Amino acid sequence: MALTLLKKDLDIYKLQASIAKAIDEKISGEQRKFLLMEQLKAIKKELGLEADDKTALTAKFRERLKEYKDGVPEHVLQVIEEEMTKLQMLEASSSEFNVTRNYLDWLTSIPWGQYSKENFDVRRAQKILDEDHYGLTDVKERILEFIAVGRLRGSVQGKIICLSGPPGVGKTSIGKSIAKALNRKFFRFSVGGLSDVAEIKGHRRTYVGAMPGKMVQCLKSTGTANPLVLIDEIDKLGRGHAGDPASALLELLDPEQNANFLDHYLDVPIDLSKVLFVCTANVVETIPGPLLDRMEVIRLVGYISDEKMHIARDYLEPNARTGSGIKPEQARITETALSVLIETYCREAGVRNLQKHIEKIYRKIALKLVSKDAEIREKMKVVSVPTGTDEDFSRPAAEVDDKAEDKIKDDECLESHERENVKDEDQLKSHEVSSEVSSEVSSEASSEVSAEVSSEASLEREPNEKETEEQDSTSSDGNAISQDSEELQTPKSDENENVLSDGKAEKNVDEMHHLLRSGVMDKSSIHGTNMEEASDKDVNNPEDSSEIKHESVDDSVSEEPSIEEILKDVEMIVVDETNLSEYVGNAVFQSDRIYDQTPVGVVMGLAWTAMGGSTLYVETTKIDEGEGKGALQLTGQLGDVMRESASIAHTVSRAILREKEPTNSFFRDTSLHLHVPAGATPKDGPSAGCTMITSLLSVAMNKEVKKDVAMTGEVTLTGRILPIGGVKEKTIAARRSGVKTLIFPKANQPDFDELSSHIKEEFDVHFVEHYMEIFKIAFGEESRNSEASLSAAESCSTSTEQ
Ligand SMILES: Nc1ncnc2c1ncn2[C@@H]1O[C@H](COP(=O)(O)OP(=O)(O)OP(=O)(O)O)[C@@H](O)[C@H]1O
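Because the structure is a prediction, the values reported are computed rather than measured.

A. Up close: the UniProt feature "binding site: ATP" (unreviewed entry) in the protein. UniProt's feature table lists "binding site: ATP" (unreviewed entry) at G165, P166, P167, G168, V169, G170, K171 and T172, given in the numbering used throughout. Tracing the sequence through the fold places P167 in the loop between β1 (160–164) and α7 (171–182). Looking at K171, the relative accessible area reads 8%, which means it is buried. Not counting chain neighbours up to four residues away, the residues in contact with K171 comprise L163, S164, G165, P166, T280, A281, N282 and L300. From its side chain, K171 meets the backbone oxygen of G165 in a polar contact 3.1 Å long.

Listed below in structure tokens is the structure:
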């Protein structure tokens, strides 16, 4: 019993001792490691091999500051010094250390006092603007004036340009050109939908993952303190729940405030007064008032077909062609095709859609050219390999099928050949790999890659060769090995192969001549493969066939023509109106005009949206007739303003009809339906007022309006015509739709007069103050008593209920 207890105690003691030993060993091991690491660090430091982390970091930050020389303001230097001292005291593994390090990183990355030298050379600016953009004369003039003022004042500070216009008219690219002209760095950021103030002003450093705002990021990325910053889509600024982004932008843009712009993250004021801000917007109406107040708005209104044609031919087409890597002699789009593209595919005010279509065409052409190149290479390969075995592996199945007799012969030969010579099979495979890869790789790299693959394939075969050939086992050079393998293969050509090459050589020559005749292959490429010589030799001396085979394989590897050489003689691809749909599908627009001659009740109006101008029809028809049934029903996704405008039109037309035909009770006894197509497009605004009156009167008098007339203008209850917006856009749209007679409010005459002559020429334009003048033009009637009708309209009640 005592012994058992003693034994148990002994076991427990042994266990405890072993645990204590293990812990001891582990602790001393770790202590030893730590001690050694510290000693190593100390020795490295002593030798000057490595500074510790913190010292290295501080040295890096100081180095950066040195680059800015005296550009760093005193108060910023002070903050940097404080932060560096703090960094030295912090534990490297603490989170505070990382925050301080990141902060210092940002503070020292800002290009304090670094400015690019501004260039106010007006001629140079003009040249750059003209090189980058067609037309836009008035816009360019405004920009040149702006630069000229900069030259006289010595700076363009304090000005905010706002380029407004429909999408794709070149606002962003004009911004880039201004930066280029002024020799400033360009930075663009979009504020469309932006609702978080932190995007502009940064997060406070207390947040995890805090970042400075866009402006600080811009300064860091441009490396200068005077870049040109393009703020895109300023009209689509979001409304934030935490802070108002518009106010933050105001602080950023306002020349009075931005000399001391305070980013939440940086927490030191930075000077943005030297930054030139250019904003872009589709419509100025939605830009917050205080912001708009500080801007100088330059309007870009869109292009007419002629202008689009110039832009497409001189800018978009060459750019798209070069962008796709196609040479001018390889493909082109004819002017008629471009004009069809403009008229029936891309009717928008800008040219972005047109640019997309042209790029699409060139992408398709690129595919055609590359496919052609692959096809020619394939054919060349078939021609360039004279031996039966090689040819069978590289020839397309269809061709082999065409020559069934030869195929059977080849198959037989191949089978016997396979059975007899395994090494030749290896060689065939390697050739196959080589030809496959070389047909896939790009033009420049093709010969290089196939050479590589060829040597790799040779390397693969090396073990086999080693067994038979001792002398080359030490060689590590791919070429050397390749040559060795040639030597090895030479004695292996057998009778079958010779017989085969005999017959094939003649066929190859025939095929080559056929290709030459069909223009697929040029002579230089044939010489490149040494085909004629090879096949001649082959025919004359069957014993040389294997040697010739290797020569031809080598030649095809080293002298494989580039894609340029191959495509040199390929016929130019021409895209014209006949084959345009192959590239861009069917036309999207047939015509802007729904009616050639508008029927009774239909009148063409003009509308203007952020997408540019367009024509708009107002249609009215009778629904029901009967004593006291007069009413007006409206459809066409009309907004509130447009609905009110229709009510006014109903009242005014009733007054006019009463004046013209006192006995006509049409409006009192007829229920009418007024529709504005297209039904799916929401519309609003008062400018269709005069068009609606004309449409209602046309039904009432059962009289068509004059052909090719379009009108726009807001109408008051008394028939007065008020001015409208978008005169240029509307004129362009009218021109596109083949309108001959234009009716505008009198108050818009100065806007029309400002338009360049190529836009306004050939129009019979009328500026009117009262609806009765429109009546005269539209129905070709002298108003019998316009004054009387005016008073009639004035006396009419405002209610539209009949
Ligand atoms: N007058 C012009 N001459 C030459 N190219 C032009 C012209 N106008 C526009 N472009 C080209 O059209 C393309 C679209 O222009 P850009 O991106 O500047 O349009 P945007 O007005 O900024 O559009 P968004 O409002 O959608 O931002 C660009 O490639 C631009 O070079």
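B. Representation of the pairing of strand β2 (residues 186–190). Of the two faces of β2, the one holding F187 and F189 is buried and the one holding F186, R188 and S190 is not buried anywhere. Of the strand pairs in this sheet, β2 and strand β3 (residues 228–232) are connected by five bridges, and their pairing is parallel. The residue bridging F187 from the neighbouring strand is V229, located in β3.

C. Layout of the UniProt feature "active site" (unreviewed entry) in the protein. Summarizing the sequence annotation, UniProt attributes the feature "active site" (unreviewed entry) to S687 and K730 in the numbering used throughout. Spanning 44 residues, the annotated positions come together in the fold, the maximum distance between their C-alpha atoms being 11.2 Å. If sequence neighbours within four positions are ignored, S687 has contacts with L606, T712, G713, E714, I724 and K730. Among the structural elements, K730 can be located in helix α30 (residues 727–736). Setting aside chain neighbours within four positions, we find K730 in contact with L606, A607, W608, S687, T712, I724, G725 and F744.

D. Summary view of unusual backbone geometry. The phi torsion at E233 lies on the positive side, around 55°, for a residue other than glycine. Mapping E233 onto the fold places it in the loop between β3 and α10 (245–253). Note on E233: relative accessible area 27%, which makes it partly exposed. At N702, a position not held by glycine, the phi torsion is positive, near 55°. Secondary-structure assignment places N702 in the loop between α29 (689–701) and β14 (709–711).

E. Representation of the side chain of K140. Among the secondary structure elements, K140 is positioned in helix α6 (residues 137–153). Judged by its relative accessible area of 6%, K140 falls in the buried class. A polar side-chain atom of K140 sits 2.7 Å from the main-chain carbonyl oxygen of H133. Once you skip the residues sitting within four places of it in the chain, K140 turns out to touch L129, D130, H133, Y134 and G135.

F. Just the sheet that holds strand β6 (residues 276–281), in detail. The strand order across the open sheet built from five strands is β2-β3-β6-β1-β7, with neighbouring strands paired in parallel fashion. In this open sheet, the two edge strands, each paired with only one partner strand, are β2 and β7 (295–299). Each adjacent strand pair in this sheet contributes to an overall mean axis angle of 20°, direction not counted. Helix-sheet contacts for α7 involve β1, β2, β3 and β6, and the interaxial angle to β3 is about 170°.

G. Expanded view of the side chain of D263. If you trace the backbone, D263 turns up in the loop between β4 (261–262) and β5 (269–270). Within the buried set, D263 has no salt-bridge partner at all; the shortest N-O distance to an opposite charge, 7.8 Å, is to K201. Only 2.9 Å separates the side chain of D263 from the backbone nitrogen of G213, close enough to count as a polar contact. Reaching out from D263, the side chain makes a polar contact with the backbone nitrogen of L266 at a distance of 3.2 Å. Here D263 is in contact with I200, K201, G202, P212, G213 and V216, once residues within four sequence places are set aside.

H. Region of the structure containing the site of the ligand. The local shell around the ligand holds 18 residues, among which Y134, K171, T172, Y303 and R352 are the closest. At 2.7 Å, a side-chain N or O of K171 approaches an oxygen atom of the ligand. In this structure, Y303 approaches the ligand through a side-chain N or O atom, which is 2.9 Å from a nitrogen atom. Coverage of the ligand by the protein amounts to 87% of the 640 Å² it exposes when considered alone. Where the shell around the ligand is concerned, the elements lending two or more residues are α7, α12 (305–323) and α14 (352–384). When residues in the shell around the ligand are grouped by element, the largest group, three residues, is from α7. When grouped by side-chain class, the residues that make up the shell around the ligand number eight nonpolar, seven polar and three charged.

I. Inspection of the nonpolar core at higher detail. Of all hydrophobic cores here, the largest spans 60 residues; its most connected members are L341, L354, I358, I361 and I365. A total of nine residues in this core trace back to one element, the largest contributor, which is α14. Composition of this core by domain shows at least three residues from each of domain 2 (122–299) and domain 3 (369–567). Among residues more than four places away in sequence, those in contact with I358 are A312, L316, E317, A320, I333, L338 and L341.

J. Looking closely at the pattern of salt bridges. What the rule picks out here adds up to 27 salt bridges. Across the pair E83 and K86 runs a salt bridge, and its minimum N-O distance is 3.9 Å. In this pair, E83 and K86 both sit in helix α3 (residues 74–89), three residues apart, roughly one turn of the helix. Taken together, the shared-partner salt bridges in this structure form one network comprising E83, K86 and E96.

K. Summary view of the confidence of the model for the protein. This prediction gives the protein a mean pLDDT of 74; 73% of its residues lie at or above 70. The model gives residues 387–557 a pLDDT under 50, and that stretch makes 186 contacts with residues more than four places away or in other chains. Per-residue pLDDT stays below 50 along residues 782–802; that stretch engages in 38 contacts with residues further than four places along the chain or on separate chains.

Cut-off values and rules
Residues numbered from 1 in each chain as written. Predicted model: local features only at pLDDT ≥ 70, side-chain atom pairs only at ≥ 80, totals over all residues. Heavy atoms only, no water. UniProt positions renumbered as here; feature names shortened; annotations may be inferred. Helix = DSSP H or I, 4+ residues; strand = E, 2+ residues; numbered from the N terminus. Buried < 20%, exposed > 50% of the residue type's maximum accessible area, 1.4 Å probe, protein only. Contact = heavy atoms within 4.5 Å. Polar contact = N/O pair within 3.5 Å; in protein donor to acceptor, adjacent residues only side chain to side chain. Pairing = 2+ DSSP bridges. Axes fitted to C-alpha atoms, helices over the stretch in contact; angles between N-to-C directions. Lys, Arg positive; Asp, Glu negative; His and termini not counted. Salt bridge = Lys/Arg side-chain N within 4 Å of Asp/Glu carboxyl O. Near = heavy atom within 4 Å. Areas by Shrake-Rupley, 256 points an atom, 1.4 Å probe, with all protein chains shown as cover. Nonpolar A, V, L, I, M, F, W, Y, C, P; charged D, E, K, R; others polar. Core = buried A, V, L, I, M, F, W, Y, C linked by side-chain atoms within 4.5 Å. Domains from an automatic or database assignment. pLDDT = per-residue confidence, 0-100.

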